[in-house]
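Here are the chains, one letter per residue:
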Amino acid sequence: MKITPQAIPEVVLIEPKVFGDARGYFFESYRQDALEAATGHRLHFMQDNESLSARGVLRGLHYQQAPYAQSKLVRVVSGDVIDVAVDIRIGSPTFGQHVCARLNSDNKHQLFVPRGFAHGFIVLSETAIFTYKVDNPYAPEHDRGISYSDPALAIDWQLPKEQIQTSDKDGALPTLKDRLESAPETLFQYEQALYD
Ligand SMILES: Cc1cn([C@H]2C[C@H](O)[C@@H](COP(=O)(O)OP(=O)(O)O[C@H]3O[C@H](C)C(=O)[C@H](O)[C@H]3O)O2)c(=O)[nH]c1=O
C-alpha cells in the first residue's frame, strides 16, 4: 500500500495494492503496522461504523471533543464521495484549513482523519456505502460539529447547494468562528496531547 501525507501532513491518504485475477480482486483494507509507522501514533481502533446515503447527502462536519476524540480511517465500499477533514486545533498553523479526498469503490482509497479534526463527506453517486474505523467509542454527550457551509472554510462540495441534503442537526451547526468565540473548550489545542 502507498501512504501519502496530504497538504495538512497529519492527514494521510492510503492507496491499497489491489490484486486482481480471474476470480475478482483482493486487497488489504487495514494494516496497523503501516498506518502507525506513517502517522507516528499507536492506533487502537475499537469500533467500526457503516452508513448508506443517497446522492447529495452530506454528513458532517463532526468530531467528538476530548477525552473522546476519535481518529477515523474512512473508505467507500460502494459509490463515490468527497471526503473532508478540517483542522480544528487552536494554534495549529493550518487551523481552519481542510483536506479533500475523492474516495470511491473504483480507487479504493482511504483517508486517515486524526484526532483534532472535524470530518464529513458528500455523496456524488446515486448511493454510497461508507465504512470507517474509530479509536474511541461513540460518546453522544461529546458529539460536536461545525457547519459544512461555513464560508470561512470555503469547502467545495462539488454539488449545487439545492442538491445537498443534511440532517436538521447538521444544518444547524455553528461556524468554526462562532464555536471558537463561544465554546473554545469544545475544540482542541495544537499542543494538546491527543494520543498516548
Ligand atoms: C456516529 C454514531 C451514531 N450512532 C447513532 C446515533 C443516531 O441515532 C444514529 C445516526 O447518527 P448520526 O446522525 O450522528 O450519524 P452521522 O451523521 O453519519 O454521523 C457520523 O458522520 C460523520 C461523517 C462522522 O465522521 C462521524 O463518525 C459521525 O458523526 O446513529 C451510534 O449509535 N454510534 C455512532 O458511533
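Residues numbered from 1 in each chain as written. Predicted model: local features only at pLDDT ≥ 70, side-chain atom pairs only at ≥ 80, totals over all residues. Heavy atoms only, no water.

Novice: Sorry if this is basic, but what is going on with the confidence of the model for the protein here?
Specialist: In low-pLDDT regions, the fine details of the predicted coordinates are not to be read closely. Summary statistics for the protein give a mean pLDDT of 97 and a share of 100% for residues scoring 70 or more. Both scores are available for the predicted complex, with the pTM at 0.97 and the ipTM at 0.98. (pLDDT = per-residue confidence, 0-100.)

Novice: I tried to follow the nonpolar core on my own but got confused; where do I start?
Specialist: Considering soluble globular proteins, one finds that nonpolar side chains tend to be buried as a cluster. Ranked by internal contacts, the top residues of the largest apolar core, which has 30 residues, are Leu61, Val86, Ile88, Phe112 and Trp157. Going through the elements one at a time, β2 (12-15), β6 (58-64), β8 (80-87) and β12 (117-123) are the ones with two or more residues in this core. Not counting chain neighbours up to four residues away, the residues in contact with Phe112 comprise Glu10, Val11, Val12, Ile14, Leu35, Thr39, Leu43, Phe45, Ser71, Lys72, Leu73 and Tyr195. Grouped together as the second largest cluster of nonpolar side chains are 17 residues, Ile8, Val99, Leu103 and Phe130 included. (Core = buried A, V, L, I, M, F, W, Y, C linked by side-chain atoms within 4.5 Å. Buried < 20%, exposed > 50% of the residue type's maximum accessible area, 1.4 Å probe, protein only. Helix = DSSP H or I, 4+ residues; strand = E, 2+ residues; numbered from the N terminus. Contact = heavy atoms within 4.5 Å.)

Novice: Could you clarify how one ought to interpret the site of the ligand in this entry?
Specialist: Residues in close proximity to the ligand include Gln47, Asn49, Arg59, His62, Lys72, His119, Phe121, Tyr132, Tyr138 and Lys169, which together make up its full environment. Interatomic distance of 3.0 Å between a side-chain N/O atom of Gln47 and an oxygen atom of the ligand. Here an oxygen atom of the ligand and a side-chain polar atom of Tyr132 are 2.8 Å apart. When isolated, the ligand has an accessible area of 650 Å², and the protein chains bury 64% of it. Contributions of two or more residues to the shell around the ligand are made by β5 (47-54), β6 and β12. Here the shell around the ligand is composed, by residue class, of three nonpolar, four polar and three charged. (Near = heavy atom within 4 Å. Polar contact = N/O pair within 3.5 Å; in protein donor to acceptor, adjacent residues only side chain to side chain. Areas by Shrake-Rupley, 256 points an atom, 1.4 Å probe, with all protein chains shown as cover. Nonpolar A, V, L, I, M, F, W, Y, C, P; charged D, E, K, R; others polar.)

Novice: How do you make sense of unusual backbone geometry when you look at a structure like this?
Specialist: With the exception of glycine, the majority of residues adopt a negative phi angle, and the majority of peptide bonds are in the trans configuration. Of the consecutive residues Gly60 and Leu61, the connecting peptide bond is found in the cis state with omega at 0°. Positionally, Leu61 belongs in strand β6. Omega for the peptide link from Ala66 to Pro67 comes to 5°, which places this bond in the cis form. Checked against the element boundaries, Pro67 lands in the loop between β6 and β7 (72-78). At Lys108, a residue that is not glycine, the phi angle is positive and equals roughly 55°. Inspection of the secondary structure puts Lys108 in the loop between β10 (98-104) and β11 (110-113).

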